[in-house]
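Spelled out, the chains give:
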Amino acid sequence: MKSARSKTPARKATGRPKGSNMISKDPVQVYCRLRPVQSQVDVSCMRVTSDTTVVITPPESAANFRSTTTKEIQTTFSHVFTPDVTQKEIFKTVALPLVENLIYGRNGLLFTYGVTGSGKTYTMTGESRNAGIMPRCLDVIFNTIANYQTKNFVFKPDKLNGFDVQSEADAMLDRQHELHAGLLQKTPRPAKHRKVESDGDSNPTVTHEHNESQSVVVEPDNAYAVFVTYIEIYNNNVYDLLDDDDIRNKPPQIKILREDGNKNMYVHAVTEVEVKSAEEAFELFQNGQRKRRVAHTALNAESSRSHSVFTIRLVQAPLDSEGEHVIQDKRVVCVSQLSLVDLAGSERTNRTKNTGQRLREAGNINNSLMNLRSCLEILRENQNQGSNKMVPYRDYKLTHLFKNYFDGEGQVRMIVCVNPRADDYDETIQVMKFAEMTQEVQIARSNPVKLDLGFTPGRRQANKIFKEARSKLEREGRPEAAELNVDLGLVYSLSGPFPQWESITSDDDQIIQSLMQFLEQRINKRNILRADLQKKQEDFRWILMGVEQENVNLKLEAASLKALNAQQKKKISALEGHLCKTETQINNLLRKLNSSNDMVRSLQQEVRNRDLALNQRLIDKQRVKQRYNTKIQVETDKMNRELEIKLRQQREHLQNQMKEKENKIQLVKQILINDNGLNPVILSAKDQISETPLRVVSPERDIRMSRKDKVPVSNPRYRRSQSADRWIDHRPQTLVPIGTVLQPLMQKRRSVTQLTSPKEITDGASRYCLVAQEHDTDGELETKLYKGDILPTSGGGAQVVFNDMECLKQSSPKARKRTGPREETTDQVDTPASTETKRPRV
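What you see is a predicted model; the values in this text were computed from it and never measured. (Residues numbered from 1 in each chain as written. Predicted model: local features only at pLDDT ≥ 70, side-chain atom pairs only at ≥ 80, totals over all residues. Heavy atoms only, no water.)

Side note on the nonpolar core
- Counting 52 residues, the largest nonpolar core has Met46, Phe77, Phe111, Leu343, Leu376, Phe402 and Phe406 as the members making the most contacts within it.
- Residues within four places of phenylalanine 406 in sequence aside, it is in contact with Phe111, Leu372, Leu376, Leu379, Tyr393, Val412 and Ile443.
- With 44 residues, the next largest nonpolar core counts Phe81, Ile141, Ala281 and Leu340 among its residues. (Core = buried A, V, L, I, M, F, W, Y, C linked by side-chain atoms within 4.5 Å. Buried < 20%, exposed > 50% of the residue type's maximum accessible area, 1.4 Å probe, protein only. Contact = heavy atoms within 4.5 Å.)

Following this line, the structure appears as structure tokens:
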């Protein structure tokens, strides 16, 4: 269905007319309900004289019986309910008008007030087969809006005491999330409720039965949703009875009161649940009742220790011009609420015998009720005397929460429940005085102005009938029915005629106010219709201008197309002649192309033949080259074998020469020993000691020894024992580790790294070994051990006579490639660590 308007003007949910002399006020309506006498022994001190009057006779047991001047006290109420009145009659008289106001967008507040055990909770809740006010209110509300409810999450709380309007897609996503969360928790855990300090359950779980079948007239072109909250005020702290913190093993959190953008008080972060039936709402109420604070007292076995507030919030918004979806504008949402308050009973300590926690609870209850009384007394005084005293709403949470109701944001009603027993006279007379004083308080009447948006009345039903007709056509096999749309549009009417009144004076505030509202609605609707008419005129004007412009454009386009057509015909004739010439040229070119292709094929065949000849020559060259390489390899192997044979013969010849030289040197050494009795140091040119002289310190002088020095004079009488040799192992610190090389055997040795005194040599040592490292001609590391005898000198010093030298080498077992014969040969073993020792012959 097409929408006639894309924007809708704003509408206020509630409002009060400006001007103090035009504000209509209604007194607080107070009703009295007498509880039946429980025992035949009890004596009643009250009697009902009319539907609005109760006469109280003070008993002799009263505290001020002797000081009273009158024996009877008469109190007047809006209505008095005798003990035999049913719950249904009380609901119709007291609560049904509040439910009607709720449907029409007005707020309502209902108190049950009285002494402990007077029947307040029974009046508000009732029993399973004799329901009280709250279940019957839920029945009437859902009977009224049963066919006009929205789906879940179309209206969503904005956490600021207001509501947002979601689209169908967003609402569906929220419903899917809720369904997914429900599937994850297939077996719900049993609720762990607060500890109830009483012998029994004050509110046993009962099933909700449908008690009321009546309904209220409702606007069918609006969409509705119901939200409920349930809180308690315990010890002047606000707790959420629908919160699941106790299920998560968390202590109950104290809620705070805040003020929204419209100066209305609300409980911040309270659990607000959307319900779709009276049974669902009553189940939430029962869950909250299990958490409510009750305790045993001397006057009541199940006494409420807190004030409970069950709030029903009705959210409504108009449908669009098609009557199908809710208008996506938060400003047109109307929120009304009905608060049902079950006050805790007022009591005296000397009768309840309370101590400890019970005494503290009773004190908070009485203080909050006294503050409620003080607020109402100051309101009455300001209204009667024209004063402007500050009302102490903020002293207690009970009065602070309902401040807006007393300031004129809704209708206030109170049910005073009394027990006619003579024993309760002292408490009951105070309740009666408070109720009589409350009736004198005037509350400003709330008159919400609902702006008529100009949409067609009955569009919801029209849309429903249209959809049924379209679906019927589709079932009959007419697919074009799916494209049918209906536009209901606006109703061009300024509503009915002016109201008729016989006479209007300046004091008739209500009549003047109603007339002002009627005129405002009429003016607003006229402006809407005028704007819609102007818009349609402008749209039609633009359509006409568009059609005219399109006609002119088409004429110009037709003339240009004719001229273009003549030009195109000339071009076509010229192109036909050119086409004949081109075809002739193409035929000539084709013949040339065929001859060229034949030539190319012949040339390609010639190239392939030449490539074959070249490849054959290359193959022949490779064969010849391979034969020559084979011959060269054979000759090379033959020459290498001959060269190895010659090298082996030369090596053997040189070894024989070295042996002859060693024999001669040994012979010379033996001759020298025999002749002189000395062991001079004879070194070969290859294995000579480093040119750096060895310095031996003696007390008389320093003796420097080198290869060129003469043999120092030694003590000829010195003899040493071969079996008692002790070595001095002189190893500098910078030696490369030679752990893998075979080491000489020195059984008794003393290792030193530096000689600083002759005593290090002469102190019991007879042999000396100096270790040195250097690189040979092949670049490998050699470790040389120079050995000698330590001989004392005649001057008291010592000299070292070197008579032996060992050369240690470490070589890899992998053979190295030799390029030629070496000058000398050594006996070397191919092992991971081998030792080659060269000893000079003396």
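What follows picks up the thread again.
Thoughts on the sheet that holds strand β27 (residues 781-792)
- Within the open sheet, the five strands sit side by side as β25-β24-β26-β27-β28. Their pairing is mixed. At either margin of the open sheet sits one strand with a lone partner, and together these are β25 (749-752) and β28 (798-809). Ignoring strand direction, the axes of neighbouring strands in this sheet form an average angle of 25°.
- In the sheet, strand β26 (residues 767-775) pairs with β27 via nine bridges, with the strands oriented antiparallel. (Pairing = 2+ DSSP bridges. Helix = DSSP H or I, 4+ residues; strand = E, 2+ residues; numbered from the N terminus. Axes fitted to C-alpha atoms, helices over the stretch in contact; angles between N-to-C directions.)

Regarding the pattern of salt bridges
- Scanning the entire structure with this criterion turns up 27 salt bridges.
- Here aspartate 598 ties to arginine 601 by a salt bridge, and the two come within 2.1 Å at their closest N and O atoms. Here arginine 601 and aspartate 598 lie together in helix α12 (residues 509-676), a separation of three residues that amounts to about one turn.
- The shortest N-O distance in the salt bridge between glutamate 806 and lysine 787 comes to 2.9 Å. Residue glutamate 806 is found in strand β28, and its partner lysine 787 is found in strand β27; the two are separated by 19 residues along the sequence.
- The exposure class of glutamate 806 is buried, given its relative accessible area of 6%.
- Each of Asp158, Asp164 and Lys330 takes part in salt bridges that share partners, so that together they form one network. (Salt bridge = Lys/Arg side-chain N within 4 Å of Asp/Glu carboxyl O.)

Comments concerning the UniProt feature "binding site: ATP" (unreviewed entry) in the protein chain
- Those residues carrying the UniProt feature "binding site: ATP" (unreviewed entry) are Gly114, Val115, Thr116, Gly117, Ser118, Gly119, Lys120 and Thr121 in this numbering.
- Note that serine 118 resides in the loop between β7 (108-114) and α2 (120-124).
- Owing to a relative accessible area of 4%, serine 118 belongs among the buried residues under this scheme.
- Residues within four places of serine 118 in sequence aside, it is in contact with Arg35, Cys417, Val418 and Asn419.
- Within the structure, the side chain of serine 118 is placed 2.7 Å from the backbone oxygen of valine 115, a separation counted as a polar contact.
- Inspection of the secondary structure assignment puts glycine 119 in the loop between β7 and α2.
- With sequence-adjacent residues up to four places away left out, glycine 119 is seen in contact with Arg35 and Cys417. (UniProt positions renumbered as here; feature names shortened; annotations may be inferred. Polar contact = N/O pair within 3.5 Å; in protein donor to acceptor, adjacent residues only side chain to side chain.)

Structural notes on helix α11 (residues 459-475)
- Relative to the 24 Å expected for 17 residues at 1.5 Å per residue, α11 spans 24 Å between its end C-alpha atoms, a close match to the ideal helical length.
- For α11, the full list of buried residues reads Arg459, Asn463 and Phe466. Each buried residue of α11 lies within a common arc of 65° when the element is viewed along its axis, so the set occupies one face.
- Looking at the packing, one finds that the buried side of α11 touches β18 (307-318). (Expected span 1.5 Å × (residues − 1). Arc of directions from axis to C-beta.)

Structural notes on the packing of aromatic side chains
- Taken as a whole and judged by the stated rule, the model has eleven aromatic pairs.
- The interplanar angle of 75° and the centroid separation of 6.1 Å between the aromatic rings of tyrosine 768 and phenylalanine 802 together place this pair among those described as edge-to-face. You can see tyrosine 768 sitting in strand β26 and its partner phenylalanine 802 sitting in strand β28, a full 34 residues away along the chain. In terms of burial, tyrosine 768 and phenylalanine 802 fall into one category: buried.
- Counting every residue linked through ring pairs, the aromatic cluster contains Tyr230, Phe282, Phe285 and Phe310.
- The side chain of lysine 631 reaches across the aromatic face of tyrosine 628, ending 5.8 Å from its centre. (Phe/Tyr/Trp six-rings, centres within 6.5 Å; stacked < 30°, edge-to-face > 60°. Lys NZ or Arg CZ within 6 Å of the ring centre and 35° of its normal.)

Focus on the packing of helix α1 (residues 87-103) against helix α3 (residues 133-144)
- Interhelical geometry of α1 versus α3 gives an angle of 45° and a closest axis separation of 9 Å. In terms of axis orientation, α1 runs oblique to α3. Handedness of the crossing formed by α1 with α3: right-handed. Only Ile133, Arg136, Cys137, Val140, Ile141 and Thr144 of α3 make contact with α1, whose side of the interface consists of Gln87, Lys88, Ile90, Phe91, Ala95, Leu96, Val99, Leu102 and Ile103.
- Here the contact of α1 with α3 is composed, by residue class, of eleven nonpolar, two polar and two charged. (Parallel < 35°, antiparallel > 145°, perpendicular 65-115°, else oblique. Left-handed = near helix turned anticlockwise from the far one by under 90°. Nonpolar A, V, L, I, M, F, W, Y, C, P; charged D, E, K, R; others polar.)

Regarding the side chain of aspartate 139
- Relative to the assigned elements, aspartate 139 resides in helix α3.
- Nearest to the buried, unbridged aspartate 139 among oppositely charged side chains is arginine 136, at 6.6 Å.
- The contacts of aspartate 139, once residues within four sequence positions are left out, are His208, Glu209, His210, Asn211, Glu212 and Ala278. (Lys, Arg positive; Asp, Glu negative; His and termini not counted.)

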